[in-house]
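Here is how the chains run, residue by residue.
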Amino acid sequence: MSRSDARPRRFPLGLDKVASAQPAADKLLRPQAHMQLIERERRHQGAPQGLGLDSPRVRARMVARLRTDGIGHEGVLAAFERVPRHVFVDTALVNQAYEDTSLPIGLGQTISKPSVVAAMMQLLCARPGLSAEARQGTRPLGACLEIGTGCGYQAALLACLSARVVSIERLRELHLKARRHLDQLNGLISPWADIRLVHGDGMLGHGPQAPYDTIIAAAGGEALPAAWTDQLAPGGRLVAPVAGAAGAQVLTIVDRLPDGTLKHTHSGAVLFVPLKSGLA
Ligand code: SAH
């Protein structure tokens, strides 16, 4: 006889015993209903789902860091304060949403680092077609074209400072994801925000809405596509990562001066995902 056979058998309990231990259906406690209510309220306030983070305060800390790092444009800082970055990243990464880091957004792509996005936006605000006063105005980016929508975070930031934004993404899945994310903002960014998401090859720019006062690329190629400079309005500015010497990417600024000529300048080294042609 084995040892287990020698003991009185307690488990599993017979079905008759288990059934009698159940409370009546009308007495069932439903703690999940309460949790759902809290969750709904939290979502309504724009706080990270399932986390105890006070996101407006975490966002304010991120903005203070950007300011310390040299971002001085009040409109750019206000946009970062307003747009909830956690809405744009996967749930598992929500607690890293306000760190100054790039994060995976699926399909091998990344949401760019806040400090890099802020620096690029600040550069755009200094486009040559604007007076010093207009640079600090409410819509310094004018008509804006973004190449590489990704998760849609930067499109939301740009919308806070633009008259209208056209944002192109070559990966359909990300294009749709960005739309879902932006739909969740529900007026958190200005109700008049005009963001048009396009599933297309950004190397061609977007002719139907051209010209643009500002063009920003979130992906870096070997050279600047001609369509981008062609679609840049007089007084406009383009900021994009472009491969430099030894393959390293350099942030490139192209201004279309009021007389129509182009002026190229280079800023620091950067690291963006590759600009690819064609759709997927
Ligand atoms: N601004 C984005 C960053 C996305 S990463 C954000 O806030 O999340 C860069 C994106 O550029 C990727 O999604 C990539 O698919 C896209 N991309 C690369 N080449 C492209 C092209 N030719 N046209 C449009 N999008 C492109």
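Scroll up for the structure.
Predicted model, so just to flag it, every value in this text is computed and none were measured.

Peer 1: Looking at this model, I keep getting lost on the overall build of the protein. Mind explaining?
Peer 2: For the protein, the helix and strand inventory stands at 10 helices and 11 strands. The 280 residues of the protein split such that 44% are buried. Counting only contacts in the protein whose residues sit at least 6 apart along the sequence, the fraction spanning at least 24 positions is 54%. As presented, the protein carries roughly 14900 Å² of accessible surface, and 55% of it is formed by carbon and sulfur atoms.

Peer 1: Looking at this structure, how should I read the side chain of Ser115?
Peer 2: Structurally, Ser115 is set in helix 6 (residues 114-125). At 2.8 Å, the side chain of Ser115 forms a polar contact with the side chain of Asp100. Every residue in contact with Ser115, bar those within four places of it in the chain, is listed here: Leu66 and Asp100.

Peer 1: Is there a simple way to explain the nonpolar core in this structure?
Peer 2: Nonpolar side chains in soluble globular proteins generally cluster together in the buried interior. One finds Phe80, Phe88 and Tyr153 to be the most contacted residues of the largest nonpolar core, which totals 50 residues. With 6 residues, the top contributor of residues to this core is helix 6. Contact partners of Phe80, with chain neighbours within four places excluded, come to Arg59, Met62, Val63, Leu66, Pro114, Val117, Ala118, Met121, Tyr153 and Leu157. Counting residues in each nonpolar core, the second largest holds 17 residues, with Leu145, Val166, Val198 and Ala217 among its members.

Peer 1: What is the right way to read the pairing of strand 9 (residues 249-256) from this model?
Peer 2: Successive side chains on a regular strand alternate, one facing one side of the sheet and the next facing the other. The element strand 9 is largely enclosed, with a buried count of 7 among its 8 residues. Pairing of strand 8 (residues 232-243) with strand 9 involves 7 bridges; the strand directions are antiparallel. When the bridges of strand 9 are listed, Val239 appears paired with Ile253. Where strand 8 folds back on strand 9, the antiparallel hairpin that results is connected by 5 residues, among which Ala246 adopts a positive phi of roughly 60°. Pairing analysis gives 7 bridges linking strand 9 to strand 10 (residues 262-270), with the strands arranged antiparallel. By the bridge assignment, Ile253 is partnered in strand 10 with Thr265. Between strand 9 and strand 10, which pair antiparallel and follow one another directly, the connecting turn spans 5 residues, one of which, Gly260, has a positive phi of 95°.

Peer 1: Help me out: how do you make sense of the site of the ligand in this one?
Peer 2: Neighbouring the ligand are 26 residues; Thr110, Glu169, Asp201, Gly202 and Lys276 lie closest to it. Between a nitrogen atom of the ligand and a side-chain N or O atom of Glu146, the distance comes to 3.1 Å. One of the backbone N or O atoms of Lys276 is found 2.5 Å from a nitrogen atom in the ligand. Here the ligand has 570 Å² of accessible area as a free molecule, and 99% of this is covered by the chains. Counting atoms within 2 Å of the grid points, the majority share of the ligand lands in the largest cavity.

What counts, and where the lines are drawn
Residues numbered from 1 in each chain as written. Predicted model: local features only at pLDDT ≥ 70, side-chain atom pairs only at ≥ 80, totals over all residues. Heavy atoms only, no water. Helix = DSSP H or I, 4+ residues; strand = E, 2+ residues; numbered from the N terminus. Buried < 20%, exposed > 50% of the residue type's maximum accessible area, 1.4 Å probe, protein only. Contact = heavy atoms within 4.5 Å. Areas by Shrake-Rupley, 256 points an atom, 1.4 Å probe, with all protein chains shown as cover. Polar contact = N/O pair within 3.5 Å; in protein donor to acceptor, adjacent residues only side chain to side chain. Core = buried A, V, L, I, M, F, W, Y, C linked by side-chain atoms within 4.5 Å. Pairing = 2+ DSSP bridges. Near = heavy atom within 4 Å. 1 Å grid on protein atoms, 1.4 Å probe; cavity = no way out; pocket = protein on both sides within 12 Å on 5 of 7 lines; lining within 4 Å. Sits in = over half its atoms within 2 Å of the grid points.

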